[in-house]
Amino acid sequence: QSALNTPISIVTVLAGGLVLMGKGFQSARAVLEWSFWIAAFVAGGMVAASVYFLIRSTTGYEYERMPLPVQLSRYRDRLKRVYREHGTPGLADATFEAYLTERYVSAAERNAVNNSERSEYLNRANRYLVYALCATVATGIPAGIWRAAAGTCRRSRSSANSTS
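Description of the structure in this document.

Criteria and thresholds
- Residues numbered from 1 in each chain as written.
- Predicted model: local features only at pLDDT ≥ 70, side-chain atom pairs only at ≥ 80, totals over all residues.
- Heavy atoms only, no water.
- Helix = DSSP H or I, 4+ residues; strand = E, 2+ residues; numbered from the N terminus.
- Rg over C-alpha atoms; globule rule 2.2 N^0.38 Å.
- Buried < 20%, exposed > 50% of the residue type's maximum accessible area, 1.4 Å probe, protein only.
- Contact = heavy atoms within 4.5 Å.
- Areas by Shrake-Rupley, 256 points an atom, 1.4 Å probe, with all protein chains shown as cover.
- Patch = residues over 30% accessible without salt bridge, like charges linked within 9 Å, V, L, I, M, F, W, Y side chains within 5 Å.
- Salt bridge = Lys/Arg side-chain N within 4 Å of Asp/Glu carboxyl O.
- Expected span 1.5 Å × (residues − 1).
- Phe/Tyr/Trp six-rings, centres within 6.5 Å; stacked < 30°, edge-to-face > 60°.

1. Some details on the overall build of the protein
A count of helical and extended segments in the protein gives four helices and zero strands. Going from N to C terminus, the protein has its helices and strands arranged as α-α-α-α. The C-alpha atoms of the protein give a radius of gyration of 31 Å, which is well past the 15 Å a tight globule of 164 residues would have. Over its C-alpha atoms, taken along the principal directions, the protein stretches across nearly 115 × 25 × 15 Å. Looking at the protein as a whole, 26% of its 164 residues are labelled buried. Long-range pairs, those at least 24 residues apart, make up 81% of the contacts in the protein with a sequence separation of at least 6. Taken as a whole, the protein presents about 11,100 Å² of accessible surface, with 61% of it coming from carbon and sulfur.

Set out below in structure tokens:
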């Protein structure tokens, strides 16, 4: 689960940054307005995709477990009793070993497939986080231009007011 800590933190920061930029952005220039909102929409979609893949990397998996040692011991004792009753006590150990091997192989196979799928979803989540980061930076460009232009206008007005 510790592999999720960093992506979840990054998702939180990116989503918060997008919300803050969206709340503070307003421009009379249509180009800046459209550029900002398209980039914000793309970034939001990438963050949402990353969240989906993070969720998929942690939920929906059933791991196969080995029986508890007490259960294995009881099964082995039962096999010994049954084979002794049928006059073939030497087959109990071979049957138990085959059962144990089959259980180990089955559990290892299923768990390896689960781990591989989980890892792939986590990799996708991280990839979409990188895409979201790039889109968030792209969202910041029109916001930065708007902010710089707004600052220039304010400075020009304050300079004009102070000289009058």
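Additional details are given in the paragraphs that follow.
2. Focus: a nonpolar patch on the surface
Among the surface-exposed residues, Trp34, Ile38, Phe41 and Val42 lie close enough to one another that they form a single nonpolar patch of about 490 Å² accessible area. Tracing the chain through its elements places tryptophan 34 in helix H2 (residues 30–56). Residue classification places tryptophan 34 among the exposed residues on the basis of a relative accessible area of 60%.

3. Examining helix H3 (residues 69–85)
Along its 17 residues, H3 runs 24 Å from first to last C-alpha, staying within 8% of the 24 Å computed at 1.5 Å per residue. Immediately beyond the C-terminal end of H3, within one or two residues, lies glycine 87, with a positive phi of roughly 80 degrees.

4. Brief notes about the pattern of salt bridges
Per the stated rule, a full pass over the model turns up three salt bridges. Of the charged contacts in the structure, one is a salt bridge between arginine 76 and aspartate 93, with a shortest N-O distance of 2.9 Å. Pair noted here: arginine 76 is in helix H3 and aspartate 93 is in helix H4 (residues 91–163), with a separation of 17 residues, a long-range link. Between arginine 127 and glutamate 120 there is a salt bridge; the shortest N-O distance is 3.9 Å. Take glutamate 120: its relative accessible area is 32%, and that puts it in the partly exposed class. Among the charged side chains, a network of salt bridges with common partners joins Glu120, Arg124 and Arg127.

5. A look at the packing of aromatic side chains
A full pass over the atoms with the stated rule returns seven aromatic pairs. With 5.3 Å between their ring centres and 75 degrees between their planes, tyrosine 128 and tyrosine 131 make a pair best called edge-to-face. Separated by three residues within a single helix, tyrosine 128 and tyrosine 131 lie in helix H4, roughly one turn from each other. Judged by its relative accessible area of 40%, tyrosine 131 is partly exposed. An aromatic cluster is built from Tyr52, Phe53, Tyr121, Tyr128 and Tyr131, whose rings are joined through pairwise contacts.

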